[in-house]
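What follows is the residue order along each chain.
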Amino acid sequence: MAPKNRDDNFMDVDSDSDISLLGDIDHRGKGKAKGKATDKRKKEKGKAKAKEQAYTWEASYTRSWDTVQEDEAGSLQGAVEDLMARGRRRRLLAPAAAIRRTIIRHLVLLLDLSAAMMDRDMRPTRFDLMLQYAREFVVEWFDQNPLGQIGVVGMRAGIGERIGEMSGNPQDVLKCLSDRTRLEPTGEPSLQNAIEMARSSMSHLPTHSSREILIIFGSLTTCDPGNIHDTLDACVKNKIRISVVALAAEMKITRDLCDKTGGQFGVAMNEGHFKDILFELVPPPAQRAVARAGGPGTNPAADLMMMGFPTRLPDSSPPSLCACHSDMKSEGFLCPRCMAKVCDVPTDCDICGLMIVSSPHLARSYHHLFPVKPYEAVTELREGGSEPVAACHACARIFSTSASTAAASEGISPWGRYRCPDCRNDFCTECDVFVHDVIHCCPGCGK
Amino acid sequence: MEKASHLSVIVDLSPTQWHLSAQTSNQHPLSVETFLSQLLAFLNAHIASKHENSLVVFGALPGKSVMLYSPTELLSDDVPSLDANSYLPFKLVDSTVVQRIMNEFDAIGELKEEPPCALVGAVTKALCYINRITHPSSTTAGVAEDPSVIHDPRILILSVSPDLSSSYIPIMNAIFSAQKLKVTIDVCKVYGPDTVFLQQAAHLTNGSYIYLERRDALLQYLIMSFLSPTPIRKILAVPKQDKIDFRAACFCHKNIVDIGFVCSVCLSIFCQPLPVCSTCRTKFPINTLKRLNAARPTITPANSRIGLPLANLNNTASPRPTPTPPNGMSSLR
């Protein structure tokens, strides 16, 4: 890495003069390290002018510290706003129309518990960070997909270990991820064994639910007993979608696993990016257009499910035994078919097998089916001669009357205003982010 | 040491409903004027409880929602004069709220058909405002940020209108975002039938839902149930509604169903198996329809003890001996 000392002999790279740079080599002449650094700096300047480079990787090397610019007062506000705006642009790329998504999901989380996970390139170790993010992922996943189920499998010492059964209760899944000592990484990972174990645990599931495998892979090797491409073909046949988050580097087999099954592949560049690509898999996946083999118009993934809506027993009702734990409790839910008492919904009734959900659980997934239209950035303050409103329609924050001097890139409004295409009201940046990420309902349209 | 609390009040100002509420044919008529005088006393009580308490008032009118009072923006045109006998913050709130409500009522004018009240818009705006004050970011010019950190924001909805079925999804979305922001939603049903959506909102956010029996004693209900902030509610119990109906209504007949059939694509609920989903036009496989028709309970729960559990255990298509003719079979096309 190039050292960044700031003595006078060092020339600022932005300067255009070549002469003083060459002169610097004579001045310092300390050792190969410095000389190399200057060479590299010269070559990086050369990159800007599209001259020959010494290393190919320099072509795509971005110096992230350059993007953070302080303004005259020394504050980083502009840089922060720029980062927020980039997030907005990313969201604009997401489809705004309501696409068909599979709401009932079954996910098996495959964690790499091999010796490579004890590497310290992500703080404190890849393994600790993975556990922490996996717990947060599970919480967020059940929040967005209350009707889903998660199972956990570990890849350790050449075999696949079942860490957690497929369960719809987030507390159960978190419990099997909580004990760090039981999950101590050793040995080599085996992709095929783990994927086979995950596949067999999902084989009995109905077709209308989506079957997914999420692999967090930190090693660069895999030791398999057979041909992993056979496993891959079996997964494609069973319509299992495999997504991989790699912590080390891209391997062709992991890329193939994702491409052939229609999953997402990502390599984490740093801790923040790891979390981002992991959380990208929280929303339900879009349904793929499947070649219709049987009968025109029959979608094999669509099915009618029988679900029961329970009556809630308040705390004041007489205590009785629950069907799931045999605990003596007052509050609970009554299965509408067999009148058994269960503790928590959503669940499958232990007595009659009916899926019991309460209507808010179904309602939690409605926003995927009816998303809010993205707001347009206002670039022209006065359109059609009408006076612009002074305050945000949602939170009544006063808009600034002077345009921001930061470079107006695509998707960012220099006035800080964003307009809904339906109700034509202006909103501030914070409300824009809040409406699209949390509420999923435009205050102006009321829809 | 108590922390500052924030209260957002949403007042349902549907002229039709208020007119009906003021009719003397009701058991305890309540007109808008009486209601407002009691509400203003409650708002003053909230401000008086603690100096750092903040208050925002929204009004839900037919077709639109407006902000009636906010501590930072000056919404009314005439500033009240300083008077030795009145406390200025109270006077500011009272005059701003009343003035704005009068203006809005005048602006409604003559309408042939009153559009439904924009309660959802008001709730969303209240949540946006709470999001703004609980996450102060680097500010743009002009707005002074509240220095005290808000720990337990609350929303109080004073509702007089019945449920609007088209607002089910936005209200559920608002409830989930209130859960995320840790906002308590309280509901006071002043007039009108019981609203199931607001009952669920109060229950899911640990708030209280009160249906007024004595409307003329409104101020007593408000101060007893809705004045205390969330930490105090652990000690001073507020009345809650326990019998919440979480059952869903079917999309075809709007009946409340115990056991529904849900389309896996669009999550619409039906009371009986259909070959095609009416919302998303998805065709369902014939085998599923046969299986579900056989498994569907067609007899009342009183007779069900005999035949019900056996057949449903294996869910096969074998016909089940039932006392009533299986009329579900005829709907299978």
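Residues numbered from 1 in each chain as written. Chains lettered and ligands numbered in written order. Predicted model: local features only at pLDDT ≥ 70, side-chain atom pairs only at ≥ 80, totals over all residues. Heavy atoms only, no water.

S.K.: For this particular structure, what's the right way to read the environment of A:R199?
M.R.: All names here are of chain A. Tracing the chain through its elements places R199 in helix α6 (residues 191-201). When the C-alpha positions of R199 and I213 are compared, they lie 8.5 Å apart, and in sequence the two are 14 residues distant. Sequence-distant contacts of R199, defined by excluding residues within four places in its chain, comprise A234, C235, N238 and I240. (Helix = DSSP H or I, 4+ residues; strand = E, 2+ residues; numbered from the N terminus. Contact = heavy atoms within 4.5 Å.)

S.K.: When you look at the nonpolar core in this model, what are you seeing that I'm missing?
M.R.: One broad rule of soluble globular proteins: the nonpolar side chains tend to lie buried together. Core analysis: the biggest nonpolar cluster contains 70 residues, and A:L362, B:I10, B:L127, B:I155 and B:I157 have the highest contact counts within it. Sort the elements by how many residues they give to this core and helix α4 (residues 119-134) of chain B lands first, with 10 residues. Discounting chain neighbours no more than four positions away, the residues touching A:L362 are A:L147, A:M307, A:F309, A:V357, B:V262, B:L267 and B:I269. (Core = buried A, V, L, I, M, F, W, Y, C linked by side-chain atoms within 4.5 Å. Buried < 20%, exposed > 50% of the residue type's maximum accessible area, 1.4 Å probe, protein only.)

S.K.: Even after reading the chapter, I still don't get the UniProt feature "domain: VWFA" (unreviewed entry) in chain A, so can you show me in this structure?
M.R.: The sites that UniProt annotates as "domain: VWFA" (unreviewed entry) are residues 106-257 of chain A. Between the end C-alpha atoms of residues 106-257 of chain A the distance is 18 Å, and the span holds 36% helix and 26% strand. (UniProt positions renumbered as here; feature names shortened; annotations may be inferred.)

S.K.: Help me understand helix α9 (residues 271-279) of chain A in this model?
M.R.: Residue and element names in this part refer to chain A. Taken residue by residue, α9 has F274, I277 and L278 as its buried positions. The buried side chains of α9 occupy one side of the element, clustering within an arc of 105 degrees when seen end-on. Among the structural elements, α4 (126-144), β4 (210-217), β5 (240-246) and β6 (265-267) are those in contact with the buried residues of α9. By the N-cap criterion, in which a side-chain oxygen at the helix start approaches the backbone nitrogen of a residue two or three places on, α9 is capped by N270, the distance to G272 being 3.3 Å. (Arc of directions from axis to C-beta. Polar contact = N/O pair within 3.5 Å; in protein donor to acceptor, adjacent residues only side chain to side chain.)

S.K.: What's the story with the interface of chain A and chain B in this structure? I'm lost.
M.R.: Accessible area lost upon the coming together of the parts serves often as the stated size of an interface. Contacts between the two partners involve 59 residues from chain A and, on the opposite side, 65 residues from chain B. A buried area of about 5,500 Å², summed over both sides, lies between chain A and chain B, and 63% of it is on carbon and sulfur atoms. The tally of links from chain A across to chain B stands at 1 salt bridge. When the shortest N-O distance is used, the salt bridge between A:D143 and B:K180 registers 4.0 Å. Counting across the interface, chain A meets chain B through 7 residue pairs in polar contact (both at pLDDT 80 or more). Split into classes, the residues belonging to the side of chain A that touches chain B amount to 32 nonpolar, 16 polar and 11 charged. Bridge analysis of strand β7 (residues 304-308) of chain A against strand β9 (residues 259-263) of chain B gives 5 bridges, and the strand direction is antiparallel. Directly across from A:M305, in β9(B), lies its bridge partner B:V262. (Buried area = accessible area lost by both parts, 1.4 Å probe. Salt bridge = Lys/Arg side-chain N within 4 Å of Asp/Glu carboxyl O. Nonpolar A, V, L, I, M, F, W, Y, C, P; charged D, E, K, R; others polar. Pairing = 2+ DSSP bridges.)

S.K.: What's the story with the packing of aromatic side chains in this structure? I'm lost.
M.R.: Given two aromatic rings, their pairing is described by the distance between the two centres and the angle made by the two planes. Scanning the model with the defined rule gives 7 aromatic pairs over all chains in all. Plain terms: the ring middles of A:F137 and A:F279 are 6.3 Å apart, the flat faces sit at 70 degrees to each other, and that makes the pair edge-to-face. Linking A:F137 in helix α4 with A:F279 in helix α9, this pair joins segments that are 142 residues apart in sequence. In this structure A:F137 comes out as buried when scored by relative accessible area, which is 1%. Here B:Y87 and B:F90 contribute two aromatic rings whose centre-to-centre distance is 4.9 Å and whose plane-to-plane angle is 90 degrees, an arrangement assigned as edge-to-face. You can call B:Y87 partly exposed: its relative accessible area is 49%. A cation over an aromatic ring shows up here: A:K275 above the ring of A:F279, its NZ or CZ 5.5 Å from the ring centre. In this structure, A:R364 packs its charged tip against the face of B:F176, placed 4.0 Å from the ring centre. (Phe/Tyr/Trp six-rings, centres within 6.5 Å; stacked < 30°, edge-to-face > 60°. Lys NZ or Arg CZ within 6 Å of the ring centre and 35° of its normal.)

S.K.: I'm lost on the sheet that holds strand β2 (residues 54-61) of chain B in this one. Help?
M.R.: By way of backbone hydrogen bonds, the strands of a sheet pair with one another, either parallel or antiparallel. Residue and element names in this part refer to chain B. A sheet is described by the order of its strands in space; here 6 strands give the open sequence β3-β2-β1-β4-β5-β6, paired in mixed fashion. The open sheet has two edge strands with one neighbour each: β3 (64-69) and β6 (209-211). Strand-to-strand twist of the sheet, defined as the mean angle between neighbouring strand axes without regard to direction, takes the value 15 degrees. Relative to β6, strand β5 (residues 184-189) is paired through 3 bridges, and the arrangement is parallel. (Axes fitted to C-alpha atoms, helices over the stretch in contact; angles between N-to-C directions.)

S.K.: Is there a simple way to explain empty space enclosed by the protein in this structure?
M.R.: The rolling of a water-molecule-sized probe over the atoms marks out the regions of remaining empty space. One pass over the full model with this rule turns up 2 cavities of 30 Å³ or more. Considering the residues around the largest cavity, the lining is formed by B:L119, B:V120, B:V123, B:I157, B:I171, B:A174, B:I175, B:I185, B:L198 and B:A201. (1 Å grid on protein atoms, 1.4 Å probe; cavity = no way out; pocket = protein on both sides within 12 Å on 5 of 7 lines; lining within 4 Å. Points joined across faces, edges and corners; volume = space filled by probe spheres on them.)

S.K.: Looking at this structure, how should I read the sheet that holds β9(B)?
M.R.: In space, the 5 strands of this open sheet follow the order β13(A)-β14(A)-β7(A)-β9(B)-β10(B), with mixed pairing throughout. Edge positions in the sheet fall to β13 (347-348) of chain A together with β10 (269-270) of chain B, since each has one partner strand and no second. Relative to β10(B), β9(B) is paired through 2 bridges, and the arrangement is antiparallel. For B:V262, the partnering residue across the bridge sits in β10(B) and is B:I269.

S.K.: Any chance you could explain the pattern of salt bridges here in plain terms?
M.R.: Pairs can form between side chains of opposite charge once their charged atoms are near each other. Under the counting rule described, the total for this entry stands at 22 salt bridges over all chains. A:K373 is paired through a salt bridge with A:D422; the nearest N and O atoms lie 3.2 Å apart. Residue A:K373 is found in the loop between α11 (366-369) and β15 (376-377), and its partner A:D422 is found in the loop between β16 (418-419) and β17 (426-427); the two are separated by 49 residues along the sequence. By relative accessible area, which is 43% here, A:K373 ends up partly exposed. The exposure class assigned to A:D422 is partly exposed, which follows from its relative accessible area of 48%. B:D186 is the salt-bridge partner of B:R233, the closest N and O atoms lying 2.9 Å from each other. You can see B:R233 sitting in the loop between α7 (218-226) and β7 (248-249) and its partner B:D186 sitting in strand β5, a full 47 residues away along the chain. Considered together, B:R233 and B:D186 belong to a single accessibility category, that of buried residues. A single salt-bridge network, built from bridges that share partners, covers A:D119, A:D121 and A:R126.

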